[in-house]
Number of protein chains: 2
Amino acid sequence: MSTVIANMSMSLDGYIADRNDGVQELFEWYTAGGDVAVDTGNDDVKFRTSDDDAELVQETFPSVGALISGRRLFDLTDGWGGRHPVDAPVFVVTHTAPVAWPHPDAPFTFVSDGVESAVAQAKAAAGEKTVAIASADITRQCLDAGLVDAIAVDLIPVLLGDGIPFFANLASAPIRLENPTVRKGNRVTHLVYKVSK
Amino acid sequence: MSTVIANMSMSLDGYIADRNDGVQELFEWYTAGGDVAVDTGNDDVKFRTSDDDAELVQETFPSVGALISGRRLFDLTDGWGGRHPVDAPVFVVTHTAPVAWPHPDAPFTFVSDGVESAVAQAKAAAGEKTVAIASADITRQCLDAGLVDAIAVDLIPVLLGDGIPFFANLASAPIRLENPTVRKGNRVTHLVYKVSK
């Protein structure tokens, strides 16, 4: 059975973007490495992480069988040009599907009947692989609905002071987590917490 | 020269206490260990941490030469009964010294002329040892004044959802930190970040 993992790069003070949606400091680790390009699932996207981070990326990206995104991130990224770097089907939670979507054959599904439906559809698509949630707002809704199995925080050594928090307005808090797995990178510390049941 | 380290136990979503000043989940690691009592600098205070956490406590507590507290924490703890668990002199930043302080001989100094003065006095008292800041509000003031050398976060596997944030209203953000040292514990991950200069 597929597990559902909420994964974001987050500043030490809890933000996943600055107040202008900027992620420069938060995504520095994707280019903080050496000369070797790290392949992703998308030929147009290469990272230049440290060796440790490359190992993690190359383990985790192929383990993702489906992604869940909010509409805001989808719009900000222009739908990743129809192909997310993880190269998995994307389920976009939205009230209304985009009118003009220039990639009708891309594996994108617009889900308008809530996060439970998005998670069910993503799990069906993922099979034995994981479902990754890449959105703070969807993560909040899924945590409150008890749908999240683990939280993967790529913790970034910066204090942004303001911005978009990863965790906010949780109706179901406090939420207890298990001790994390920890992997050190360059300009990032990778922490994966199972949500206690 | 003494270094200044801001140190707090913080939830994954950034809080150092819940909205009622509760720290039950955040301090669980102090009692999440085995049968062996861990000595502190105060005979009246014993921890029961895991072995790894005990090692950290026994390394770091004696390395602290002075503490800086805010008035709020001082009041909440009743001034630690005149003796902080770390057993170092305490400099309490406050507008007015308490009227009735039942431990006049205890190594407590009430500083009413700001954080720069408190840091200078604490450094003088600490000698070669470190100065520890145990207050979110004082940490904020010291970060904005460029007085903090390192941030030590004891990161707790819980989402509190609400409460008192460790980092808020930082005028000097973004503040870049170095890659942290990482030590795993039970119900805590110890992260120490140098503040980039």
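Look up: the structure comes first, before these words.
Cut-offs and rules
- Residues numbered from 1 in each chain as written.
- Chains lettered and ligands numbered in written order.
- Predicted model: local features only at pLDDT ≥ 70, side-chain atom pairs only at ≥ 80, totals over all residues.
- Heavy atoms only, no water.
- Phe/Tyr/Trp six-rings, centres within 6.5 Å; stacked < 30°, edge-to-face > 60°.
- Helix = DSSP H or I, 4+ residues; strand = E, 2+ residues; numbered from the N terminus.
- Buried < 20%, exposed > 50% of the residue type's maximum accessible area, 1.4 Å probe, protein only.
- Lys, Arg positive; Asp, Glu negative; His and termini not counted.
- Salt bridge = Lys/Arg side-chain N within 4 Å of Asp/Glu carboxyl O.
- Polar contact = N/O pair within 3.5 Å; in protein donor to acceptor, adjacent residues only side chain to side chain.
- Contact = heavy atoms within 4.5 Å.
- Nonpolar A, V, L, I, M, F, W, Y, C, P; charged D, E, K, R; others polar.
- Least-squares fit on C-alpha atoms with pLDDT ≥ 70 in both.
- Pairing = 2+ DSSP bridges.
- Axes fitted to C-alpha atoms, helices over the stretch in contact; angles between N-to-C directions.
- Core = buried A, V, L, I, M, F, W, Y, C linked by side-chain atoms within 4.5 Å.

Caption draft 1: Fine view of the packing of aromatic side chains. Residues and elements named next belong to chain B. Under the definition given, this model contains 22 aromatic pairs over all chains. Taking 6.4 Å as the distance between ring centres and 40° as the angle between the ring planes, the aromatic pair formed by Trp80 and Phe108 counts as tilted. Here Trp80, found in the loop between helix 2 (71-76) and strand 6 (90-93), pairs with Phe108, found in strand 7 (residues 108-111); they are 28 residues apart in sequence, far enough to count as distant. Classification of Phe108 by relative accessible area gives buried; the value is 9%.

Caption draft 2: Geometry of the side chain of Asp13 of chain A. Its place among the elements puts Asp13 of chain A in the loop between strand 1 (4-11) and strand 2 (15-17). No salt bridge is formed by the buried Asp13 of chain A, whose closest oppositely charged neighbour, Arg19 of chain A, lies at an N-O distance of 9.9 Å. At a separation of 2.7 Å, a polar atom in the side chain of Asp13 of chain A contacts the main-chain amide nitrogen of Gly161 of chain A. Excluding anything up to four places from it in sequence, Asp13 of chain A contacts Val158, Leu159, Leu160 and Gly161 of chain A together with Phe167 of chain B.

Caption draft 3: Geometry of the interface of chain B and chain A. Contacts between chain B and chain A engage 33 residues on the former and 33 residues on the latter. For the interface between chain B and chain A, the tally reads two salt bridges. For Arg176 of chain B, the salt bridge goes to Glu28 of chain A, with nearest N and O atoms at 2.9 Å. Taken together, chain B and chain A are joined by 12 residue pairs in polar contact (both at pLDDT 80 or more). Secondary structure elements with two or more residues in the side of chain B that touches chain A: strand 9 (150-156), strand 10 (158-159), strand 12 (175-176), strand 13 (181-184) and strand 14 (189-194) of chain B. Broken down by class, the residue content of the side of chain B that touches chain A amounts to 21 nonpolar, five polar and seven charged.

Caption draft 4: Local environment of the pattern of salt bridges. All told, the structure shown has 20 salt bridges over all chains when counted by the stated rule. Lys197 of chain A is the partner of Asp149 of chain A in a salt bridge, and the nearest nitrogen-oxygen pair spans 3.8 Å. Linking Asp149 of chain A in the loop between helix 4 (136-144) and strand 9 (150-156) with Lys197 of chain A in the segment after strand 14 (189-194), this pair joins segments that are 48 residues apart in sequence. For Lys197 of chain A, a relative accessible area of 76% puts it in the exposed group. Arg187 of chain B is the partner of Glu28 of chain B in a salt bridge, and the nearest nitrogen-oxygen pair spans 3.6 Å. In this pair, Glu28 of chain B sits in the loop between strand 2 (15-17) and strand 3 (38-39) while Arg187 of chain B sits in the loop between strand 13 and strand 14, placing the two residues 159 residues apart along the sequence. Owing to a relative accessible area of 7%, Arg187 of chain B belongs among the buried residues under this scheme. Within the structure, one salt-bridge network assembled from shared partners comprises Glu28 and Arg187 of chain A together with Arg176 of chain B.

Caption draft 5: The relation of the copies chain B and chain A, seen in detail. Superposition of chain B onto chain A requires a rotation of 180° combined with a translation of 0.0 Å along the rotation axis, giving an RMSD of 0.0 Å. With respect to symmetry, the two chain copies, as superposed, fit the operation of a two-fold axis. The position closest to the rotation axis in chain B is occupied by the C-alpha of Gly14 of chain B, lying 3.0 Å away. A share of 100% of the interface residues of chain B reappears at the interface of chain A, consistent with the copies meeting face to face through the same patch.

Caption draft 6: Structural context of the pairing of strand 13 (residues 181-184) of chain A. Residue and element names in this part refer to chain A. Bridge count for strand 13 against strand 14 is four bridges, and the pairing is antiparallel. The residue of strand 14 that forms the bridge with Thr181 is Val192. Hairpin connection, strand 13 to strand 14: the antiparallel pair is bridged by four residues, and Arg187 has positive phi, about 65°.

Caption draft 7: Structural detail: the sheet that holds strand 7 (residues 108-111) of chain A. Residues and elements named next belong to chain A. Spatial strand order, 7-6-5-8-1-9-14-13: eight strands in an open sheet with mixed pairing. Lying at the two open borders of the sheet, with one neighbouring strand each, are strand 7 and strand 13. Taking each pair of neighbouring strands and ignoring which way they run, the sheet shows an average axis angle of 20°. Note: strand 5 (residues 64-70) against strand 8 (residues 130-133), four bridges, orientation parallel. Paired with Val64 across the bridge in strand 8 is Thr130. Those strands touched by helix 1 (residues 51-60) are strand 5, strand 13 and strand 14, and its axis lies near 130° from that of strand 13.

Caption draft 8: Spotlight on the nonpolar core. In terms of nonpolar packing, the biggest core is built from 72 residues, with Ile151 of chain A together with Ile151 of chain B touching the most fellow members. Ile151 of chain A has contacts with Ala6, Leu143, Phe166, Phe167, Leu177, Leu191, Val192, Tyr193 and Val195 of chain A together with Leu12 and Leu159 of chain B, leaving out every residue within four places of it along the chain.

Caption draft 9: Quick peek at the sheet that holds strand 1 (residues 4-11) of chain B. All names here are of chain B. The eight strands are arranged 7-6-5-8-1-9-14-13 in an open sheet whose pairing can be described as mixed. Two strands close off the open sheet at either side, each with one partner strand: strand 7 and strand 13. Between one strand axis and the next, the sheet turns by 20° as a mean value, whatever way the strands run. Each of strand 5 (64-70), strand 13 and strand 14 touches helix 1 (residues 51-60); the most contacted strand, strand 13, lies at about 130° to it.

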